[in-house]
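Letter by letter, the chains look like this.
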Amino acid sequence: MSAGKQGDALCFFINGKKVTENHADPETMLLAFLRQKMKLTGTKYGCGGGGCGACTVMVSRYQPATKSIIHYSANACLLPLCQLHGAAVTTVEGIGSTKTRIHPVQERIAKAHGSQCGFCTPGMVMSTYALLRNKPQPTMDDITQALAGNLCRCTGYRPIVEGCRTFCQEANCCQANGAANCCLNGEKNGDEPEQEKPQLFDKLDLLPLDPTQELIFPPELILMADTTSPQTLTFHGERVTWVSPVSLEELIQLKAKHPKAPLVMGNTNIGPDMKFKGILHPLIISPTRVKGLFEVSQTPQGVWVGAGCSLSELHSVLEKLVPQFPEEKTEVFRALNRQLGNLGSVQIRNVASLGGNIVSAYPNSDLNPILAAGNCKVSVISSGGRREVPLNQDFFVGFGKVILQPEEIVLSVFIPFSRKGEFVQALRHAPRKEASFATVTAGMRVMFSESSRVVQDVSIYYGGMGPTTVSAAKTCQAIIRRPWDDETLGQAYDILLEELALPPSAPGGKVEFRRSLTLSLLFKFYLEVLHKLKAMNVITDEVPEKIQPLPRDIQPGLQEFQPVSKDQSNHDAVGRPMMHRSAISQATGEAVYCDDLPKIEGELFLMVVTSSRPHAKITGLDVSEALQLPGVVDVITTKDIPGKKVRTFCGYNEELLAESEVSCIGQMICAVVADTKAHAKRGAAAVKISYEDLPDPIFTIEEAVEKSSYFEPRRLLQRGDVTEAFKTVDKVYEGEIRIGGQEHFYMETQSMLVVPVGEEMEFNVYISTQWPTLIQDAVAETLNIASNRVTCHVKRVGGAFGGKVTRTSVLASITSVAAWKTNRAVRCVLERGEDMLITGGRHPTLGKYKVGFMNDGKIVAADFQFFANSGNTVDESPLVAEKMVLHMDTAYNIPNLRGRGTACKTNLPSNTAFRGFGVPQGLLIVENMINDVAMVLGCPADKIREMNMYRGPSTTHYKFEFNPENLLRCWEECKRRSDYSARRGAIEQFNEQNRWKKRGISIIPIKYGIAFSDGFLNQAAALVHIYKDGSVLVSHGGTEMGQGVHTKMQQIASRELHIPPSKIYISETSTNTVPNTCPSAASFGTDANGMAVKDACQILYQRLEPIRKKNPKGTWESWANKAFMEKISLSATGFYKGPDLYVDWDKMEGQPYAYYTYGVSCSEVELDCLTGEYRTLRTDIVVDIGKSVNPSVDMGQIEGAFMQGLGLYTLEELKFSPFGLLYTRGPSQYKVPAVCDVPLQFNVYLLPDSDNPYAIYSSKGIGEPTLFLGSSVFFAIKDAVAAARSDSGLKGPFSLNSPATPERACLASASPFTQKVPASKPGSFKPWALDI
Ligand SMILES: Cc1cc2nc3c(=O)[nH]c(=O)nc-3n(C[C@H](O)[C@H](O)[C@H](O)COP(=O)(O)OP(=O)(O)OC[C@H]3O[C@@H](n4cnc5c(N)ncnc54)[C@H](O)[C@@H]3O)c2cc1C
Ligand code: FES
Ligand code: FES
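Procedures and definitions
Residues numbered from 1 in each chain as written. Chains lettered and ligands numbered in written order. Predicted model: local features only at pLDDT ≥ 70, side-chain atom pairs only at ≥ 80, totals over all residues. Heavy atoms only, no water. Helix = DSSP H or I, 4+ residues; strand = E, 2+ residues; numbered from the N terminus. Rg over C-alpha atoms; globule rule 2.2 N^0.38 Å. Buried < 20%, exposed > 50% of the residue type's maximum accessible area, 1.4 Å probe, protein only. Contact = heavy atoms within 4.5 Å. Lys, Arg positive; Asp, Glu negative; His and termini not counted. Charge placed at Lys NZ, Arg CZ, Asp CG, Glu CD. Pairing = 2+ DSSP bridges. UniProt positions renumbered as here; feature names shortened; annotations may be inferred. Core = buried A, V, L, I, M, F, W, Y, C linked by side-chain atoms within 4.5 Å. Axes fitted to C-alpha atoms, helices over the stretch in contact; angles between N-to-C directions. Parallel < 35°, antiparallel > 145°, perpendicular 65-115°, else oblique. Left-handed = near helix turned anticlockwise from the far one by under 90°. Nonpolar A, V, L, I, M, F, W, Y, C, P; charged D, E, K, R; others polar. Near = heavy atom within 4 Å. Polar contact = N/O pair within 3.5 Å; in protein donor to acceptor, adjacent residues only side chain to side chain. Areas by Shrake-Rupley, 256 points an atom, 1.4 Å probe, with all protein chains shown as cover. pLDDT = per-residue confidence, 0-100. Phe/Tyr/Trp six-rings, centres within 6.5 Å; stacked < 30°, edge-to-face > 60°. Salt bridge = Lys/Arg side-chain N within 4 Å of Asp/Glu carboxyl O.

J.: I'd like a rundown of the overall build of the protein, residues and numbers included.
T.: Looking only at helices and strands, the protein has 38 helices and 50 strands in total. Here the C-alpha radius of gyration of the protein, 31 Å, is about what a compact globule of 1332 residues would show, namely 34 Å. The principal-axis extents of the C-alpha atoms in the protein amount to approximately 90 × 80 × 75 Å. The buried share of the protein, taken over its 1332 residues, is 64%. The long-range share in the protein, meaning contacts at least 24 apart out of those at least 6 apart in sequence, stands at 78%. Here the protein holds 138 positive side-chain charges and 140 negative ones, and the gap between their average locations is 2 Å.

Right, here's the structure in full:
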């Protein structure tokens, strides 16, 4: 079976239009089909593996048996095109558009400010839309569930949730600050009357949801299903054939004939395998139309559920059954349902099948342990007949392997009723609370003799403790026939530890944690059952406290800002919340991102080939096989580069493509260009590179320090006499903390399209970058042409966070060589895995400190060392390390202060700029030191912070004078708003009453310097045209990447030209309109570009003055037209020469920043000490951003940055192998915050009555500062951990590295269970992952 054969026609509908595909390729997923063939680019590619939700669509199917239509959300990236016969697909374009009418979901997410860069927005819209199609008045729980699998890197989710909340009935209540303060009770919030507080959006100004307006299911499909009997369908692709039988007999025959062919149901296992592991299945059998796999039948013993049923269907079957039976009979059903609620995302559960989950035999499957413990079995069928097989320890034989014969098909799964005296529970712990594979899962069942606590039968299974689901049989033996009490369980824990021992270098790492989880999950089950026995009066003795689940309901938060003055003109948008100017287009999918640009005739796709060695000589590069492959046009190597073969950063040269030596895994060596992405990918896989390893690669900071492997210059700043001061203090303490790196995880991966114009070496570069001029320079230098031949266009960027500057320029250079050499347009869009592997991220940092302080808490001296793991090339690393040193005083006036910043050179992919540029790492080290001082002295950390803060006119350690008044105001305001003192008292009480759950609170300040300390970068230009019809086109040097810079520029132009923002348009950022721009970075975009736009607008407004004077009653349009008639130029450039900032490192002084943005955040968490899982119960942030140009945009920056910080400090973990290979190359392994991580109450207050003479309209830069405030969650966790440790008798400072993942928090909590697990001796084994 091969390509070229005539297959069947695939017939389905997209957005109400019939699609007949005569050459459906089994390897094509719906996402590629929509984007490439249908030109429906609203549905986005974010990861390709079901982990981000950007590609969410709604699938509707008619079910002839019940004559009903079902709608469900699904990930288009995993949905095989061939599976869509008879289905109706709805994409974001299908539900509304600006040309027709926008859908209420699109409108509400946009108007609630839930769209920043907008790349996640279509997915968010479609997840919500699919929910509303099934449930027009959802609960908040429905909404958070529906959005659990949709990632957003910009907004912090709060505004998306708020937009969706407007669909809930319970939504019309403020509920802010807890139920006690509900507006519906007639009580007021705070001291101002409610009606005077300005709102971020007007809930009354929203389109109603009218379900009758939705697209109807195509009648043709109903007719087709009702009248024609289904036929076997066969589709032939280039490499794969797809057969979709309709009868069970046919399926059995097919499987007998092709036992190796997989049965593709949800494709959530096979799909990722084919995509990420390159596994090829020449034949795929798709039994989704075989009715026999979907039958559900009840027996007196339980229920048989068809193996083809999706996990969502299984959930609803069980949900319907549970209320029909006495509780004692539904223990297994309920346990399964609880587990299902946490498995993957809704999109995954809607397609993933029950049979698929069982047969996939994931080591950490959620279902298999509970199915096994619950005595479930499967009915399997093959040409040899039918048999029933119990799901027990013999069923799961290895990684991804079950005992079934290859030709056997799981027909259905039997889930039994439980019996009286039987208790069943499913437990799991995952790195992120939702939409995350579990670290450890468990299924447990215990059966008691009638009215007794003596165990008659027990069954315990774990996932995540080896290559497959495992039974804790010996442990069960130790429990059976014994009473369910502390003594029995105490012995069981010891046996369990022995029974499920993991080797210290076990794949997946976290060995101690996983082992302790097996104990603590069993303990949780033990407690749960004890409580049930007590409730049944089987036992009468006191039982320990019940462990309640962590709270999870997201309450509406407060977002407070000052209204504009009453005298401000209604036309003047400055200071008012104004929706991101593209939010609606982003929500309808019309907004165009780089990879949405239509394919150009003859266009090629570029795929890079990267090094698989950390440090080696390249001994051979053989591209001959790649060049033979279909579609492959060329392979680009360094020899092809006509101009400069390197990019120079910080004085060091970086090769664009490695020539003779590689210095990290992931370094680019060559690039394959082909007619399609698939062909380029196959070509890249066929390139053969041979290496000769070089000795002693360096991965960790310690190794780099030992070998003095640094990038110069290393920076030192100090004030006072630190060494002398240490001699005068009461106490000296030395400590250290390690902060892991962070992946940018911009939702839009690196994307670019280089188009040769065809004459005089002219090139157009369409690219997603923060710095168009750098790209222009890079392409020009690489091709050895003048900059005036290269025009760089940036329409919008789907998130950047610092990651689309230097790394993008290297990729653009390579892509331009391919375009130049082939003389064809070349597109390069990195896959998520490649992006994560190649482009680096935030610098992992090791901080060491010595602090000297008095017994009253006054810090007299501090000495810091900051080591940043920079990777293999310099990039901007010395500048990052330098910024740590510049910010090390943060809010504190430490009279004797010294700090050294060092960029370490290692054999890992080069790290680069990331929002905050070193400050988030540096300041965590400083605040950790403060915490240690507090712990040594046994007093609350906020006291130490407060006591040591700058007060009155102050001077920094680089001799810069400033007034910290607003910092102190933020501090006081945050304490007041968060009710800090009272809550600290309540937390202490909570902690006394709870042994296994602890709460913690912290309050953290920031003083963040704005602008580039390299003074020349503080400049900007703008170009403003007024057209004859009065419409205005603004161009400026800033790129729109979600931060709302275009919206703010529109507001500024509106004020200066005295016209409404609707008359002003911003099309793109391009180097041919505004040349020689600076990067959109350093939180300086609005400050710089705003001044330039203001300048240009003022020039134009003045030019129009004579005309206005002549005709004061004229309209804006009439003045514009008249000016043209009078030959007055209606175009002007504006320029801003920003401050000449500098640092004199020899003199240790300077003025590196234009001013400071201040903020303070207070967070409270609840920690489950047994698993390390936590919830942020509440966060209050007070920020001084002067007079906000746009409070909604600024709130978005504050909340988004905070959540990114929360991710950095508590969740996001990069894992490298001992050979320097990044394991975490997608959202399945690398967890960024999701909806479940939003503080349950999230309040943000902009400090009132603040001015800033140094920036436009007295505003302040805000892009980066509040990221660090996410550390308030870290320190709240640390506070909770300290309380847990204190119950174990441990006092004083302790080490908790960042991120404070559940693993770290749990181990640091030192529960009796973690203490039972013997720690492996460092050095005695090779760990699975490195601490870099
Ligand atoms: C992003 C993401 C998150 C996930 N999160 C979780 C999670 O948290 N917990 C968890 O447990 N799982 C999780 N999964 C795994 C998911 O549940 C399984 O991949 C899914 O259940 C497999 O079902 P499927 O129908 O998609 O299988 P497919 O990929 O279609 O098939 C998988 C395998 O099962 C075989 N198979 C399928 N049906 C049958 C049958 N009836 N008889 C015999 N063999 C059969 C196929 O031959 C194939 O080898 C996640 C997956 C993804 C992509
Ligand atoms: S692109 Fe489909 S889930 Fe990420
Ligand atoms: S707006 Fe959600 S990823 Fe940018």
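J.: Outline unusual backbone geometry, listing residues and values.
T.: It is generally the case that most residues other than glycine have a negative phi and that most peptide bonds are trans. Residue Glu712 is joined to Pro713 through a cis peptide bond whose omega torsion reads 0°. Inspection of the secondary structure puts Pro713 in strand S29 (residues 710–719). With an omega dihedral of 5°, the bond running from Ser1298 to Pro1299 counts as a cis peptide bond. The residue Pro1299 is located in the loop between helix H36 (1271–1287) and helix H37 (1302–1309) in this model. Phi angles above zero are rare outside glycine, and Arg481 is one such case at about 65°. Structurally, Arg481 can be placed in the loop between helix H15 (473–479) and helix H16 (486–499). Phi is positive for Met1148, close to 55°, though the residue is something other than glycine. The topology assignment puts Met1148 in the loop between strand S46 (1142–1144) and strand S47 (1149–1151). Residue Met1148 is classed as buried on the basis of its relative accessible area, which comes to 16%.

J.: Give me the lowdown on the pairing of strand S15 (residues 409–416), citing residues and values where you can.
T.: Most of S15 is tucked away, with eight of its eight residues classed as buried. Taken together, the five bridges between strand S11 (residues 377–382) and S15 define a ladder with antiparallel strand orientation. Looking at S15, one finds that Ser379 is bridged to Ser412.

J.: Which residues make up the UniProt feature "binding site: [2Fe-2S] cluster 1" (unreviewed entry) in the protein, and what are the values?
T.: Following the UniProt record, one finds the feature "binding site: [2Fe-2S] cluster 1" (unreviewed entry) at Cys47, Cys52, Cys55 and Cys77. These annotated residues cover 31 residues of sequence, but their C-alpha atoms sit close together, with the largest distance between any two at 10.1 Å. Summarising the element assignment, Cys52 is placed in the loop between helix H1 (30–37) and strand S3 (56–63). In this structure, Cys52 is in contact with Gly46, Cys47, Gly149, Asn150, Leu151, Met747 and Pro1227, ignoring residues within four places of it in sequence. Counting through the fold element by element, Cys77 comes out in the loop between strand S4 (68–75) and strand S5 (88–90).

J.: Just give me the short version of the UniProt feature "domain: FAD-binding PCMH-type" (unreviewed entry) in the protein, but keep the residues and values in it.
T.: Here, the residues flagged by UniProt with the feature "domain: FAD-binding PCMH-type" (unreviewed entry) are residues 235–420. Along residues 235–420 one finds 32% helix and 23% strand; the C-alpha atoms at either end are 52 Å apart.

J.: How would you sum up the nonpolar core? Please name residues and give values.
T.: By size, the foremost hydrophobic cluster in this structure holds 251 residues, and its most contacted members are Tyr157, Leu606, Ile859, Phe864, Met929 and Val1032. Top contributing element to this core by residue count: helix H27 (residues 919–937), with ten residues. One finds Val303, Leu314, Ala361 and Val380 within the second-largest nonpolar core, a separate group that totals 76 residues.

J.: Lay out the packing of helix H17 (residues 511–535) against H37 in plain terms, naming residues and giving numbers.
T.: For the pair H17 and H37, interaxial distance at closest approach is 10 Å and the crossing angle is 70°. One finds that H17 runs roughly perpendicular with respect to H37. Read as a crossing pair, H17 and H37 show a hand that is left-handed. Side by side, H17 and H37 meet where Glu512, Phe513 and Ser516 of the first sit next to Pro1302, Glu1303, Cys1306 and Leu1307 of the second. Partitioned by chemical class, the residues of the contact of H17 with H37 number four nonpolar, one polar and two charged.

J.: How would you sum up the sheet that holds strand S44 (residues 1069–1070)? Please name residues and give values.
T.: With respect to topology, eight strands assemble into an open sheet ordered S23-S27-S21-S34-S31-S32-S33-S44, the strand pairing being mixed. A strand with exactly one partner marks an edge of an open sheet, and here the two such strands are strand S23 (632–636) and S44. The pairing of strand S21 (residues 604–610) with strand S27 (residues 668–674) spans six bridges and is classified as antiparallel. When the sheet's bridge partners are listed, Val608 is paired in S27 with Ala671. Helix-sheet contacts for helix H20 (residues 677–686) involve S21, S23 and S27, and the interaxial angle to S21 is about 25°. Along the sheet face, helix H23 (residues 772–783) touches strand S32 (763–767), strand S33 (790–794) and S44 and points at about 145° away from the line of S33.

J.: Describe the site of ligand 1, listing the residues and the values that go with them.
T.: Around ligand 1, a shell composed of 32 residues is seen, among which Met265, Thr268, Ser353, Tyr362 and Asp366 lie nearest. Ser353 places a side-chain nitrogen or oxygen 2.6 Å from an oxygen atom of ligand 1. Look at ligand 1: alone it shows 970 Å² of surface, and the protein chains cover 93% of it. If you list the elements that add at least two residues to the shell around ligand 1, you get helix H13 (354–360) and S15. Counting residues per element, the shell around ligand 1 draws most heavily on H13, which supplies five residues.

J.: Can you explain the confidence of the model for the protein? Please cite residues and give values.
T.: Across the protein, the average pLDDT comes to 95, with 98% of residues at or above 70. Counting contacts from residues 171–194, a segment whose pLDDT is below 50, to residues more than four positions away or on other chains yields 40 contacts.

J.: Provide a residue-level description of H1, including the pertinent values.
T.: Of all the positions in H1, only Leu30, Leu31, Phe33, Leu34 and Arg35 are classed as buried. Tucked into the core, H1 has its buried residues touching strand S1 (10–14), strand S2 (17–21), S3 and S5. Positive phi shows up at Lys39, right after H1, with a value of about 60°.

J.: Residues and numbers for the packing of aromatic side chains, please.
T.: A complete count under the given rule lists 31 aromatic pairs for this structure. Residues Trp484 and Phe525 carry aromatic rings whose centres are separated by 5.8 Å and whose planes lie at 85° to one another, so their mutual orientation is edge-to-face. On the criterion of sequence distance, the pair formed by Trp484 in the loop between H15 and H16 and Phe525 in helix H17 is long-range, its members being 41 residues apart. For Trp484, a relative accessible area of 0% corresponds to the buried category. Classification of Phe525 by relative accessible area gives buried; the value is 1%. Considering the side-chain rings of Phe1012 and Phe1084, the 6.4 Å spacing of their centres and the 85° angle between planes classify their relative orientation as edge-to-face. A residue pair is termed long-range when its members are at least 10 positions apart, and Phe1012 in the loop between strand S40 (997–1010) and strand S41 (1019–1026) and Phe1084 in the loop between S44 and helix H32 (1085–1103) qualify at 72 residues. Each member of the pair, Phe1012 as well as Phe1084, is classed as buried.

J.: Just give me the short version of the sheet that holds strand S37 (residues 896–905), but keep the residues and values in it.
T.: What holds strands together in a sheet is hydrogen bonding between their backbones, with the strands either parallel or antiparallel. Pairing is mixed across the open sheet formed by five strands, whose spatial order is S29-S37-S36-S35-S30. Looking at which strands have only one partner, the edges of the open sheet turn out to be S29 and strand S30 (731–739). Sheet twist, expressed as the mean angle between neighbouring strand axes with direction ignored, is 10°. Here S29 pairs with S37 via seven bridges, running antiparallel. Residue pairing across strands places Phe711 opposite Ala903, the latter belonging to S37.

J.: Can you tell me about the pattern of salt bridges, naming the residues and giving the values?
T.: According to the stated counting rule, one finds 80 salt bridges in the structure shown. The residue Asp141 makes a salt bridge to Arg552 at a minimum N-O spacing of 2.9 Å. Linking Asp141 in helix H5 (residues 140–146) with Arg552 in the loop between H17 and strand S20 (559–560), this pair joins segments that are 411 residues apart in sequence. Under the relative-accessibility criterion, Arg552 is labelled partly exposed at 33%. Across the pair Asp366 and Arg428 runs a salt bridge whose closest N-O atoms are separated by 2.8 Å. Taken together, the residues Asp366 in the loop between H13 and helix H14 (367–373) and Arg428 in strand S16 (residues 422–429) connect sequence positions 62 residues apart. Classification of Asp366 by relative accessible area gives buried; the value is 4%.

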